[in-house]
Amino acid sequence: MLLLRSSGQVDQSLLLILILVIGFSLSGCVPSPEDQQQTPRPTVNAVDTERAPNTNEEESPRLGIKAPTETAPVNVALAAPKIHETTNPETATPSETKPVEFKTEIVAAFEKLVNPTDSIEEWEKANQELLEFGQEAIPLLADKLKNGNEIERETAASAIVALGSDAKAALPELRLALKDVLPFVQVNAAVALIQFPDEHKKAIPALVALLEHSDESVRQMATMNLAILGTEASNHVAD
């Protein structure tokens with residue numbers, strides 16, 4: 001206002017401009033000196049504050065961590081069942097084991113022993129032929145002792161006893177024969193086993209049990225072979 005009084009030549013347009021400037025400064029449109037001294041706030045681009053949506057992640061509403069929506073597959077080596085395995089039919093081998101084949105002459109001699117005959121000479125000849133094969137006859141005799149019928153098991157047991165130490169390959173079948181239902185097979189199996197020192201502990205109880213058998217010939221065989229064992233069977237003198 002002092003300026004207006006000292007200069008009367010100011011026209012009305014200048015006065016209007018001054019009024020507008022004063023009005024703007026009072027309304028806050030023109031920054032004050034304190035506002036100009038403050039550090040202006042940096043403007044932030046909206047792209048920096050907002051992340052582009054990730055289709056593989058989602059924000060956890062409670063913990064503020066990112067929980068993957070899909071978990072990576074775990075590679076585990078699993079053994080495939082044999083039922084799923086494929087084989088080439090041209091190279092595949094049959095799973096069935098082939099039946100054991102025995103020498104034809106041995107089978108023929110054994111068949112003569114188990115089949116009824118009116119000639120004692122023929123039976124003795126067949127028995128001698130079988131024993132002459134020695135260890136070669138053991139596979140057949142062991143098989144018959146385990147899987148044969150009554151007459152085949154009894155015949156095989158008698159032949160194995162006659163072969164003596166050559167019957168070592170038949171020890172597993174002889175141990176099983178100690179529990180055979182036929183007493184004649186039991187006693188012959190025990191007699192065959194006492195020819196092997198390591199088998200005495202198995203044979204002696206079987207022979208002692210047969211001392212009370214109703215068949216006289218079985219009791220006689222058991223008694224004679226216990227006597228052969230000597231002091232090893234001394235604990236069974238009372239029996």
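Our structure's up above, just so we're on the same page.
First, a word on what this report is: a plain description of the structure on this page. Since this is a predicted model, take the numbers as computed values, not measurements.

Side note on the overall build of the chain
Thinking step 1. For the chain, the count of helices and strands is 12 helices and two strands.
Thinking step 2. Listing the helices and strands of the chain from first to last along the sequence gives α-α-α-α-β-β-α-α-α-α-α-α-α-α.
Thinking step 3. The proportion of buried residues among the 239 residues of the chain is 26%.
Thinking step 4. Here the analysis covers contacts within the chain between residues at least 6 apart in sequence; of these, 52% occur between residues at least 24 apart.
Thinking step 5. Carbon and sulfur atoms make up 55% of the accessible area of the chain, which amounts to about 18600 Å² in all.

Details of the packing of helix α10 (residues 183-193) against helix α11 (residues 200-210)
Thinking step 1. α11 packs onto α10 with a crossing angle of 145° between their chain directions and a minimal axis gap of 9 Å. Here the hand of the crossing between α10 and α11 comes out left-handed. Contacts between α10 and α11 pair Gln-186, Val-187, Ala-190 and Leu-193 from the former with His-200, Ala-203, Ala-206, Leu-207 and Leu-210 from the latter.
Thinking step 2. Taken together, the residues of the contact of α10 with α11 break down into seven nonpolar, two polar and no charged.

Let's talk about helix α8 (residues 150-163)
Thinking step 1. Its 14 residues place the ends of α8 20 Å apart at the C-alpha level, agreeing with the 20 Å of an ideal helix rising 1.5 Å per residue.
Thinking step 2. Every buried residue belonging to α8 is among Glu-152, Arg-153, Thr-155, Ala-156, Ala-157, Ala-159, Ile-160, Val-161 and Leu-163, and all of these are buried.
Thinking step 3. Against the buried residues of α8 lie α5 (104-114), α6 (120-132), α7 (138-147), α9 (171-177) and α10.
Thinking step 4. Between the side-chain oxygen at the start of α8 and the backbone nitrogen of Ile-151 there is a gap of 3.4 Å, and the oxygen is on Asn-149.
Thinking step 5. Taken from the residues just after α8, Gly-164 is the one with a positive phi, measuring 60°.

Re α5
Each full turn of the α-helix corresponds to 3.6 residues, which orients residues three or four apart in the same direction.
Thinking step 1. Looking only at α5, the buried set comprises Ile-106, Ala-109, Phe-110, Leu-113 and Val-114. When α5 is viewed along its axis, its buried side chains cluster within an angular range of 135° and face the same direction.
Thinking step 2. Next to the buried residues of α5 lie α6, α7 and α8.

Description of the nonpolar core
Thinking step 1. Membership of the largest hydrophobic core comes to 48 residues, with the highest contact counts inside it found for Leu-130, Leu-141, Leu-145, Ile-160, Leu-174 and Leu-226.
Thinking step 2. Of all the elements in the fold, those that place two or more residues in this core are α5, α6, α7, α8, α9, α10, α11 and α12 (216-229).
Thinking step 3. Element by element, the count of residues in this core is highest for α10, at seven residues.
Thinking step 4. What Leu-130 contacts, discounting residues up to four positions off in sequence, is Ile-106, Ala-109, Phe-110, Leu-113, Ala-137, Leu-141 and Ala-159.

Things to note about the environment of Asn-115
Thinking step 1. In this fold, Asn-115 is placed in the loop between α5 and α6.
Thinking step 2. Along the sequence, Asn-115 and Ile-151 sit 36 residues apart, while their C-alpha atoms lie 9.0 Å from each other.
Thinking step 3. At 2.8 Å, the side chain of Asn-115 and the backbone oxygen of Glu-111 are in polar contact.

So, the pattern of salt bridges
Thinking step 1. Scanning all chains against the criterion turns up four salt bridges.
Thinking step 2. Between Asp-180 and Arg-153 there is a salt bridge, with its nearest N and O atoms 2.8 Å apart. Of this pair, Asp-180 sits in the loop between α9 and α10 while Arg-153 is found in helix α8, placing the two residues 27 residues apart along the sequence. When sorted by exposure, Asp-180 lands in the same class as Arg-153, which is buried.
Thinking step 3. With a shortest N-O distance of 2.8 Å, Glu-199 and Arg-175 are connected by a salt bridge. One end of the pair, Glu-199, is in the loop between α10 and α11; the other, Arg-175, is in helix α9, and 24 residues separate them in sequence.
Thinking step 4. Residue classification places Arg-175 among the partly exposed residues on the basis of a relative accessible area of 32%.

Considering the side chain of Gln-186
Thinking step 1. As for its position among the elements, Gln-186 is in helix α10.
Thinking step 2. Judged by its relative accessible area of 18%, Gln-186 falls in the buried class.
Thinking step 3. When residues no more than four places from it in sequence are discounted, the contact partners of Gln-186 are Ala-177, Leu-178, Asp-180, Val-181 and Leu-210.

Focus: the packing of α5 against α6
Thinking step 1. For the pair α5 and α6, the least separation of the axes is 8 Å and the interaxial angle reads 145°. Between α5 and α6 the crossing geometry is left-handed. Across from Ile-106, Ala-109, Phe-110, Lys-112 and Leu-113 in α5, the residues of α6 making contact are Trp-123, Ala-126, Asn-127, Glu-129 and Leu-130.
Thinking step 2. Of the residues assigned to the contact of α5 with α6, the class counts are seven nonpolar, one polar and two charged.

Reading the values: rules and limits
- Residues numbered from 1 in each chain as written.
- Predicted model: local features only at pLDDT ≥ 70, side-chain atom pairs only at ≥ 80, totals over all residues.
- Heavy atoms only, no water.
- Helix = DSSP H or I, 4+ residues; strand = E, 2+ residues; numbered from the N terminus.
- Buried < 20%, exposed > 50% of the residue type's maximum accessible area, 1.4 Å probe, protein only.
- Contact = heavy atoms within 4.5 Å.
- Areas by Shrake-Rupley, 256 points an atom, 1.4 Å probe, with all protein chains shown as cover.
- Axes fitted to C-alpha atoms, helices over the stretch in contact; angles between N-to-C directions.
- Left-handed = near helix turned anticlockwise from the far one by under 90°.
- Nonpolar A, V, L, I, M, F, W, Y, C, P; charged D, E, K, R; others polar.
- Expected span 1.5 Å × (residues − 1).
- Polar contact = N/O pair within 3.5 Å; in protein donor to acceptor, adjacent residues only side chain to side chain.
- Arc of directions from axis to C-beta.
- Core = buried A, V, L, I, M, F, W, Y, C linked by side-chain atoms within 4.5 Å.
- Salt bridge = Lys/Arg side-chain N within 4 Å of Asp/Glu carboxyl O.

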